[in-house]
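Inside the fold
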Amino acid sequence: MNAVLRPALAVVALFTLLLGLAVPLAFTGIAGAVLPYQAGGSLVERDGRVVGSALIGQEFTSARYFHPRPSATMPSPYAGTASAASQLGPTSASLLDLVKDRVAALGGGPLPADAATASASGLDPHISVANAERQVGRVAAARGLAESRVARLVATQTEGPELGLLGPPRINVLRLNMALDALR
């Protein structure tokens, strides 16, 4: 039995060290060298202080800021440790009630889908251009700015589709709000 068990355990130990330790460490080192910004969490800084990540949404509730899409992470919105879809399907009565409540809280009427629905991860840092344009009036009024000036800012912060063809244009809410704060 030892003749069979010993080589089997040696192979398990070898592959555990190789695939469980050496390969992940190698990829982490390569990623840090080749893509340091992304490997470091895509952290966004203002005045030398980290204010968030370009990859994880943040809660903005003030009328002076553009609001992100709803977060699916609970009890804490945009908690990276709780990232997961709600697991509510399109025929779910709970999801329908949740969306109806969100639409009502936003004044009812037709809204862009991302204004009332969370992303799959619950942490999406982007909103659609239509969602941002819907908020221009509120943000401009709260800041005492002309709507045209805020609308131009939205246009300058619009990111194109990934690789020029994947997905719709979108806006990173954190970066848009930082650009809004920089307006004089």
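Thresholds applied
- Residues numbered from 1 in each chain as written.
- Predicted model: local features only at pLDDT ≥ 70, side-chain atom pairs only at ≥ 80, totals over all residues.
- Heavy atoms only, no water.
- UniProt positions renumbered as here; feature names shortened; annotations may be inferred.
- Pairing = 2+ DSSP bridges.
- Helix = DSSP H or I, 4+ residues; strand = E, 2+ residues; numbered from the N terminus.
- Axes fitted to C-alpha atoms, helices over the stretch in contact; angles between N-to-C directions.
- Parallel < 35°, antiparallel > 145°, perpendicular 65-115°, else oblique.
- Left-handed = near helix turned anticlockwise from the far one by under 90°.
- Contact = heavy atoms within 4.5 Å.
- Nonpolar A, V, L, I, M, F, W, Y, C, P; charged D, E, K, R; others polar.
- Domains from an automatic or database assignment.

- As annotated in an unreviewed UniProt entry, the protein chain carries the name Potassium-transporting ATPase KdpC subunit and is attributed to Falsiroseomonas algicola.
- As stated in UniProt under Sequence similarities (unreviewed entry), the record for the protein chain gives "Belongs to the KdpC family."
- Annotation of the protein chain in UniProt includes, under Subcellular location (unreviewed entry), the sentence "Cell membrane".

**Overview of the pairing of strand β2 (residues 49-53)**
- Two elements, strand β1 (residues 43-46) and β2, share 4 bridges in a ladder whose sense is antiparallel. Its bridge partner lying in β2, E45 is registered against V50.
- The hairpin turn running from β1 into β2, its antiparallel successor, is 2 residues long, and D47 in that turn takes a positive phi close to 55°.

**Here's the deal with the packing of helix α5 (residues 129-143) against helix α6 (residues 147-157)**
- In the contact formed by α5 and α6, the axes pass within 9 Å of each other and the chain directions differ by 140°. One element, α5, and the other, α6, form an angle in the oblique class. Crossing hand, α5 versus α6: right-handed. Every residue of α6 that contacts α5 at A132, V136, G137, V139 and A140 is listed here: E147, V150, A151 and V154.
- Grouping the amino acids of the contact of α5 with α6 by side-chain chemistry returns 7 nonpolar, 1 polar and 1 charged.

**A word on the domain arrangement of the protein chain**
- Domain boundaries assigned for the protein chain yield domain 1 (1-40) and domain 2 (50-182).
- Its C-alpha centre places domain 1 at a distance of 39 Å from the equivalent point of domain 2.

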